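The residues making up each chain are set out below.
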Amino acid sequence: MILTRFSGISLLIILFFIYIGTGVSEAQVKIERLEPPCWWTGMSDPSLQLLVYGKGISSTTPSVQYPGVLLDSVVRTGNPDYLFLYLSISPNTAAGKLEILFAAPQKGKKKPPVIHHPFELKSRETGSAQRQGFTSSDVIYMLMPDRFANGDPANDSVGGMLEKANRSNPDGRHGGDIRGIRNHIGYFRETGITALWINPLLENNMHAYSYHGYAATDFYSIDPRFGTLDEYLSLSDELRKNGIGLIADMVFNHCGLNHWWMNNLPTSTWIHQWPEFTRSNYRAESLMDPYAAASDQKEMLEGWFDRGMPDLNQQDPLLATYLIQNSIWWIETAGLTGIRMDTWPYVDAGFTEKWIDRIREEYPKFSVLGETWLQKEAHTSWFQQNPATRFNSGSNLTFLTDFPLSYAINRAFRDEDSWTGGLYDLYYVLSQDFLYANPKHLMTFVDNHDVQRFYSNQGDNYNLWDLGMTFLFTTRGIPVIYYGTEILMEGEKSKGDADLRKDFPGGWADDTVSVLLGRGFSADQMKALNRFRQLVKLRTEGIYHQGDLVHFVPRDGVYVYGWSHYYENLLVILNKNSSETLFDPERFRELTGGKTLGIEYFTQEVYSLDKPFVIPPQKPLVLYLK
Ligand code: CA
């Protein structure tokens, strides 16, 4: 009846708007993200969770039609813009491309619009599940990608990424990238290292301090300022061809404040929220402290790591599965041999246990290193999986960072000896190895991206550097070398973290000093680099990861220890005295046994073990016994 009042043209206009209107409501439901972006057939666990994000997506009805793939269930979280789908992929499903359909709600008799979203099920690379992780026979080199080498100046600043490159700002982005790392593969091979740990490469679209990579804004994207996913995959391939494993640095404790989901969280429990900003108290000791106040533990686990780093709540089961699948996705996609997980103690132990179990279910020989930054041995040991004792976190972690030993190495040669100081510091730390289920699985280091550079800590003294490095490569554990330590790079913690993360010389085209070209080095730097190569060789050829270690109480500025494995044994003598010292082998008979000659590894000098001999000042000797 009302229509009669409109002319024919008016009616056409109204019909037009009805048509447009329908079009708008169809277009309103749009998939912005579906994660993980692809998956594989033949995984040990047939289930797959898909996070689907898009305006109004929860009002749609999803379906999948592909032989072998079943849509088990759909979870709606209360946020209209998210859907979680659970697929079941039966073991013999063929790899291929499928479509996931999202049907808009039925309105009237018209067929509802349907969104078709492509999804790929790939076939796994042969041997993928049986990949070998790093072991205690490895030597690991760790680098910060923004600060290592700039292989592609064209990607230094990228449209859409907030922070632009500015090499004159110590806290800014300097332009280092994946191609720059790839350009150094020959360098890595010459040093003899067996695995490369690269600080996080994921997108960090933060306004400032984005170079370090620990505030991810997308768990599935390589930061375009580091390069492309393809470049990362070819780096991984090239490394593998050169016998070097790839360890990815991951963070599950927190994300970046600019993470895409922060404006519209999938669930109300996705992150830990506080009435006002609350920082973690960083007191990981509260986790195992028998007297700890519950509020301290809560602040430790649920406080934010920093203002720009919201604390993820891994007890949210949807997030937990999201994170577990994210790791598996990267292992499978990038051919990883290991993961280094940041801020391990800050993450819910129930989650980390599940996470490791799932990874081991898919990759039984894969290796995970947890960053356990604690001051004391007992607190650190609590994080290592130890079936023999109830005194552990239960998080099934195998490989840990050995901060207590690192602190001791930094003090041992520089400081005067005292009852517990100087060389005794090393002795005290190692004597507590009974706490660990496996001390050979500790990652040992003299410095890293968060602490003062070792060379600076030794007062720029090459001899002390040499003593510390020789100890590192001849004691138990898995040595990790931070880029630049091999060429005596300096860095003071008091000047801020940027001072510890300076550009690797020669990584930039206009650098006057270049490691790759051997240009502009001081005599000490040349000596250090050669020594480093020898140490890696000694380590990878030696018995340090299989043999038995015996050490003697340090005496008169000399620390002696040795390794034996079947018929092979060797003696390490670290002399910190600044003058020549008379060394009597008599005290060390239990280690030297009937052997009468020691051949020094670096100089090939021969020492007779049946009488005292003079050892040079501030020098290590590594004697292979005959
Ligand atoms: Ca670049």
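For the structure given in this document, a descriptive report is provided here. Everything numeric in this text was worked out from a predicted model, so none of it was measured.

1. Concerning the overall build of the protein chain
Summing up its helical and strand segments, the protein chain has 15 helices and 26 strands in all. Viewed in the frame of its principal axes, the protein chain has a C-alpha envelope of about 120 × 55 × 50 Å. Buried residues in the protein chain amount to 56% of all 626 residues. Accessible surface, the protein chain as shown: approximately 26,500 Å² in total, 54% of it carbon and sulfur. Of the charged side chains in the protein chain, 57 are positive and 73 negative; the average position of the first set lies 4 Å away from that of the second.

2. Topic: the packing of helix H10 (residues 403–412) against helix H11 (residues 423–431)
As a packed pair, H10 and H11 sit with axes 7 Å apart at the nearest point and diverge in direction by 165°. Accordingly, the angle class assigned to the pair H10 and H11 is roughly antiparallel. Crossing geometry of H10 relative to H11 is assigned as left-handed. Side by side, H10 and H11 meet where Pro404, Leu405, Ala408, Ile409, Arg411 and Ala412 of the first sit next to Leu423, Asp425, Leu426, Val429 and Leu430 of the second. Of the residues in the contact of H10 with H11, the class split is 9 nonpolar, no polar and 2 charged.

3. Considerations on the coordination of the calcium ion
For the calcium ion, the protein coordination sphere consists of Asn150 (OD1), Asp152 (O), Asn155 (OD1), Asp156 (OD), Gly175 (O) and Asp177 (OD), at 2.3 to 2.6 Å. Around the calcium ion, the 6 donor atoms are arranged such that angles at the metal cover 63 to 162°; this shape is classified as irregular. Sequence positions of the residues that donate to the calcium ion give the spacing N-x1-D-x2-N-D-x18-G-x1-D. Here the two residues asparagine 150 and aspartate 156 agree in accessibility, since each one is buried.

4. Notes on the sheet that holds strand S3 (residues 47–53)
Read across the open sheet, the 4 strands follow the order S1-S3-S6-S5; overall the sheet is antiparallel. Every interior strand has two partners, whereas the edge strands, strand S1 (33–35) and strand S5 (69–75), have only one. Each neighbouring strand pair of the sheet contributes to a mean axis angle of 25°, computed without reference to strand direction. Taken together, the 3 bridges between S1 and S3 define a ladder with antiparallel strand orientation. Counterpart to leucine 34 in the pairing with S3 is valine 52. Lying over the sheet, helix H7 (residues 317–334) contacts S1, S3, S5 and strand S6 (82–89), oriented at roughly 110° with respect to S3.

5. As for the pattern of salt bridges
Per the counting criterion, the structure on display carries 37 salt bridges. A salt bridge links arginine 182 to glutamate 238, with the nearest nitrogen and oxygen atoms 3.7 Å apart. On the criterion of sequence distance, the pair formed by arginine 182 in helix H3 (residues 178–182) and glutamate 238 in helix H5 (residues 229–241) is long-range, its members being 56 residues apart. Close ionic contact of aspartate 524 with lysine 527 constitutes a salt bridge, the shortest N to O distance being 3.7 Å. Of this pair, aspartate 524 and lysine 527 both sit in helix H14 (residues 523–541), 3 residues apart, which is roughly one turn of that helix. On the basis of relative accessible area, aspartate 524 is assigned to the partly exposed category, the value being 29%.

6. Quick notes on the environment of glycine 477
Tracing the backbone through its elements, the reader meets glycine 477 in the loop between helix H13 (462–474) and strand S18 (478–482). In the structure, glycine 477 is positioned 39 residues away from asparagine 438 in sequence and 9.2 Å away in space, judged by C-alpha atoms. Every residue in contact with glycine 477, bar those within four places of it in the chain, is listed here: Ser136, Pro439, Lys440, Leu442, Thr444 and Arg539.

7. Things to note about the pairing of strand S10 (residues 195–198)
Every second residue of S10 is oriented toward a common face, with Ala195 and Trp197 on one face and Leu196 and Ile198 on the other, all of them buried. Here strand S9 (residues 140–143) runs beside S10; their pairing, made up of 4 bridges, is parallel. Considered in S10, the bridge of tyrosine 141 is made with leucine 196. Examined bridge by bridge, S10 and strand S13 (residues 245–250) share 4 bridges and lie parallel to one another. The residue of S13 that forms the bridge with isoleucine 198 is alanine 248.

8. As for the packing of aromatic side chains
According to the stated counting rule, one finds 49 aromatic pairs in the structure shown. For the pair phenylalanine 148 and tyrosine 483, a centre-to-centre distance of 6.1 Å together with 90° between the ring planes defines the contact as edge-to-face. Residue phenylalanine 148 is located in helix H2 (residues 145–148), and its partner tyrosine 483 is located in the loop between S18 and H14; the two are separated by 335 residues in the primary sequence. Neither residue differs from the other here; phenylalanine 148 and tyrosine 483 are each classed as buried. Between tryptophan 261 and tryptophan 270, the ring centres sit 5.2 Å apart and the planes meet at 80°, which makes this aromatic pair edge-to-face. As far as the burial class goes, tryptophan 261 and tryptophan 270 line up, both buried. Lying over the aromatic face of tryptophan 274, lysine 298 brings its terminal NZ or CZ to 5.3 Å of the ring centre. Above the plane of the ring of tyrosine 483 lies arginine 453, whose end atom (NZ or CZ) is 5.0 Å from the centre.

9. Points about the packing of H5 against H7
In a pair of packed helices, the angle between the axes and the distance between the axes together describe the arrangement. It is at 9 Å that the axes of H5 and H7 come closest, and there the two elements cross at 65°. In this structure, H5 uses Leu229, Tyr232, Leu233 and Ser236 to contact H7, whose residues at the interface are Trp329, Trp330, Thr333 and Ala334. Among the residues making up the contact of H5 with H7, the classes are represented as 6 nonpolar, 2 polar and no charged.

10. Quick look at the nonpolar core
Counting residues in each nonpolar core, the largest one holds 163 residues, and the members touching the most others are Tyr141, Phe188, Trp261, Trp270, Leu336 and Trp355. Per-element accounting of this core gives the leading share, 11 residues, to H7. One finds Phe552, Leu609, Phe613 and Leu621 within the second-largest nonpolar core, a separate group that totals 15 residues.

11. Regarding H13
In this model, H13 (13 residues) spans 18 Å end to end at C-alpha, consistent with the 18 Å of a helix rising 1.5 Å per residue. With respect to burial, H13 is a largely interior element, 12 of its 13 residues being buried. Along H13, the residues that are buried comprise Tyr462, Leu464, Trp465, Asp466, Leu467, Gly468, Met469, Thr470, Phe471, Leu472, Phe473 and Thr474. The backbone nitrogen of asparagine 463 has a side-chain oxygen 2.8 Å away, supplied by the residue at the start of H13, namely asparagine 461.

About the criteria used
Residues numbered from 1 in each chain as written. Predicted model: local features only at pLDDT ≥ 70, side-chain atom pairs only at ≥ 80, totals over all residues. Heavy atoms only, no water. Helix = DSSP H or I, 4+ residues; strand = E, 2+ residues; numbered from the N terminus. Buried < 20%, exposed > 50% of the residue type's maximum accessible area, 1.4 Å probe, protein only. Areas by Shrake-Rupley, 256 points an atom, 1.4 Å probe, with all protein chains shown as cover. Lys, Arg positive; Asp, Glu negative; His and termini not counted. Charge placed at Lys NZ, Arg CZ, Asp CG, Glu CD. Axes fitted to C-alpha atoms, helices over the stretch in contact; angles between N-to-C directions. Parallel < 35°, antiparallel > 145°, perpendicular 65-115°, else oblique. Left-handed = near helix turned anticlockwise from the far one by under 90°. Contact = heavy atoms within 4.5 Å. Nonpolar A, V, L, I, M, F, W, Y, C, P; charged D, E, K, R; others polar. Donors = N, O, S within 2.8 Å, 3.2 Å for Na, K, Ca; no water. Tetrahedral: all angles 85-135°; square planar, octahedral: opposite > 155°, others 65-115°. Pairing = 2+ DSSP bridges. Salt bridge = Lys/Arg side-chain N within 4 Å of Asp/Glu carboxyl O. Phe/Tyr/Trp six-rings, centres within 6.5 Å; stacked < 30°, edge-to-face > 60°. Lys NZ or Arg CZ within 6 Å of the ring centre and 35° of its normal. Core = buried A, V, L, I, M, F, W, Y, C linked by side-chain atoms within 4.5 Å. Expected span 1.5 Å × (residues − 1). Polar contact = N/O pair within 3.5 Å; in protein donor to acceptor, adjacent residues only side chain to side chain.

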